[in-house]
Structures are given as C-alpha cells and as structure tokens.
Amino acid sequence: MAKAVAEGAKNNPNITVDLSYHIEAEALADYDAILVGSPTYNTQMPIDFKNLFEDASEKQINLKNKIGSAFGSYGWSGEAPQAVIEILKKFGIQVIEPPIRAKYSPDRKTLDACVDLGKKVAQQLSDKL
Ligand SMILES: Cc1cc2nc3c(=O)[nH]c(=O)nc-3n(C[C@H](O)[C@H](O)[C@H](O)COP(=O)(O)O)c2cc1C
C-alpha cells in the first residue's frame, strides 16, 4: 500500500518521495506531507508510532499545516489508521480522510485508491508552490 501511495505521488515531477520504515521525530519536520501506513495489532497502532508521536510532542516538533493521512491493513477491527489520523490532527496537520484500509491484503481497487491518495497529496503540495 505504501509503494502504491508513493507511486501516485511520484507521478508528479514536483514531488520527491521518501519511503521509510523508520523515522526520527526531528526528521518529520523536513517533510511537507506525512502519510503513515499502520497495521492494527490488538486494536492499536504499533508502539513505534506511539513513541514517535510522543517524542515529536515532547520535543515540540512543528508539524502544523503539513498534509497527512494514514492507511493500513487489518484483520477484523482496523482501528489504527483512524487513530493515527486523530494524532496527526492534534499536531495541526491537514488530514485527508477517511484512511484507506485493506482487510489483510489490498486488492487492485484498494491499491488504486492508494495511488490516488499519493496523486492527491502531490497535487495539493504542487498547488502550494
Ligand atoms: C497478535 C495479532 C493481533 C491482531 N489484532 C488485530 C486487531 O485488534 N484488529 C484487527 O483488525 N486486526 C488485528 N490483527 C490482524 C492484523 O492487523 C492483520 O494481519 C494485518 O494485515 C497485519 O498487517 P502487517 O502485515 O502490515 O503487519 C492482529 C494480528 C495479530 C497477529
């Protein structure tokens, strides 16, 4: 799903995409858009994400007016992507909702929605240039 989002954004020549499994809180400030892929485990997002956002909050990393969204696969309840979005909002990030969710594995339609999300974010960023 992350690769599909990245593919959509990369279609836009004005946009550079980093696809990362890990990022430090301080580095979040370097990006104009933050798109978080999160599975749901025990109704939650992974602890790494909680730690990341807690760290960003403690260090008062300014993420205001960046663009953000979340996506992810799940098994039966799938709370994590919306929970990520609620956190992004608290940082003042302009979020795109609803999050894209895939039950276990994304089908073609879901991957297309991911590509479209990447395109949409890239377009919104280009419009700001
Ligand atoms: C220990 C465990 C707990 C899980 N808890 C949930 C859950 O609370 N809600 C849910 O929707 N899916 C749950 N799942 C299913 C995962 O979200 C699902 O397998 C998802 O596709 C994993 O994504 P990943 O391969 O990107 O880690 C759980 C899976 C495991 C192994």
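A brief structural summary. (Residues numbered from 1 in each chain as written. Predicted model: local features only at pLDDT ≥ 70, side-chain atom pairs only at ≥ 80, totals over all residues. Heavy atoms only, no water.)

## A word on the packing of aromatic side chains
The cut-off we apply is this: Centres within 6.5 Å make a pair out of two Phe, Tyr or Trp rings, where for Trp the six-membered ring is used; the pair is then stacked when the planes are under 30 degrees apart, edge-to-face when over 60, and tilted otherwise. Each helix corresponds to a stretch of at least 4 residues labelled H or I by DSSP, and each strand to a stretch of at least 2 residues labelled E; elements are numbered beginning at the N terminus. Residue exposure (1.4 Å probe, protein chains only): buried if accessible area is under 20% of the type maximum, exposed if over 50%, otherwise partly exposed.
In this structure the tally under the stated criterion is 1 aromatic pair. A ring pair is formed by F53 and F91, whose centres lie 6.1 Å apart and whose planes are at 45°; its orientation type is tilted. With F53 in helix α3 (residues 47-58) and F91 in the loop between α4 (80-90) and β3 (94-95), the pair connects residues that are 38 residues apart, well separated along the chain. Since its relative accessible area comes to 16%, F91 is described here as buried.

## With respect to the nonpolar core
Test applied: The nonpolar core is taken to be a set of buried Ala, Val, Leu, Ile, Met, Phe, Trp, Tyr and Cys residues, with the residues joined through side-chain atoms within 4.5 Å. Here, residues are in contact when the closest pair of their heavy atoms is within 4.5 Å.
Counting 18 residues, the largest nonpolar core has F53, L63 and V84 as its most contacted members. Of all elements in the fold, only α2 (25-28), β1 (33-37), α3 and α4 reach the threshold of two or more residues within this core. Contacts of F53, omitting those with residues within four sequence positions, involve V36, V84, I87, L88 and F91. Judged by nonpolar contacts, the second largest core, of 16 residues, contains I67, I96, V115 and L117.

## Focus: the site of the ligand
Counted only if it meets this: Note on definitions. A residue lies near a molecule or strand when any single heavy atom of the residue is within 4 Å of it. Definition of a polar contact: a pair of N or O atoms within 3.5 Å, with one able to donate and the other able to accept a hydrogen when the atoms are protein atoms, and with sequence-neighbouring residues admitted only if both atoms are side-chain atoms. What sets the accessible areas is the Shrake-Rupley method with a 1.4 Å probe; for residues, cover comes only from the shown protein chains. Throughout, the ten residues Ala, Val, Leu, Ile, Met, Phe, Trp, Tyr, Cys and Pro are labelled nonpolar, Asp, Glu, Lys and Arg are labelled charged, and all others, Gly among them, are labelled polar.
As a structural note, the neighbourhood of the ligand is formed by P39, T40, Y41, N42, T43, S73, Y74, G75, W76, S77, G78 and Y104. Within the backbone of T40, a nitrogen or oxygen atom sits 2.6 Å from an oxygen atom of the ligand. Side-chain polar atom of Y41 to an oxygen atom of the ligand: 2.6 Å apart, as the coordinates give it. For the ligand, the accessible surface in isolation is 640 Å², of which the surrounding protein chains cover 65%. Counted by class, the shell around the ligand contains 5 nonpolar, 7 polar and no charged residues.

## Examining the pairing of β1
To be explicit about the condition: Consider the strands pointing away from the viewer: the crossover is right-handed when the path from the first strand over the helix to the second runs clockwise.
Every second residue of β1 is oriented toward a common face, the buried set being I34 and V36 and the non-buried set A33, L35 and G37. Between the parallel pair β1 and strand β2 (residues 67-74), the chain is carried across by α3, and the sense of this crossover is right-handed.

## Some thoughts on the pattern of salt bridges
The condition is simple: When a carboxyl oxygen of Asp or Glu is within 4 Å of a side-chain nitrogen of Lys or Arg, the pair counts as a salt bridge.
Overall, the coordinates contain 5 salt bridges when judged by the stated rule. Its salt-bridge partner being K59, residue E26 comes within 3.1 Å of it at the nearest N-O pair. With a gap of 33 residues between them, E26 in helix α2 and K59 in the loop between α3 and β2 connect regions that are remote in the sequence. Owing to a relative accessible area of 42%, K59 belongs among the partly exposed residues under this scheme. Measuring nitrogen to oxygen at the nearest pair gives 3.1 Å for the salt bridge that ties D55 to K59. Look at the salt bridges and you will find they share partners, linking E26, D55 and K59 into a network.

## Some details on the side chain of T110
For T110, the position within the fold is in helix α5 (residues 108-128). With relative accessibility at 14%, the residue T110 sits in the buried group. At a separation of 2.6 Å, a polar atom in the side chain of T110 contacts the side chain of D107.

## Side note on unusual backbone geometry
E97 connects to P98 through a cis peptide bond whose omega is -5°. As for its position among the elements, P98 is in the loop between β3 and β4 (100-103). You will see that T43, though not glycine, has its phi angle at about 65°, which is positive. On the secondary structure map, T43 appears in the loop between β1 and α3. For T43, a relative accessible area of 44% corresponds to the partly exposed category. Positive phi is not limited to glycine here, since Q60 has a value of about 50°. Inspection of the secondary structure puts Q60 in the loop between α3 and β2. Here Q60 falls in the exposed class, since its relative accessible area comes to 70%.

By themselves, these observations are geometric and do not establish any function.
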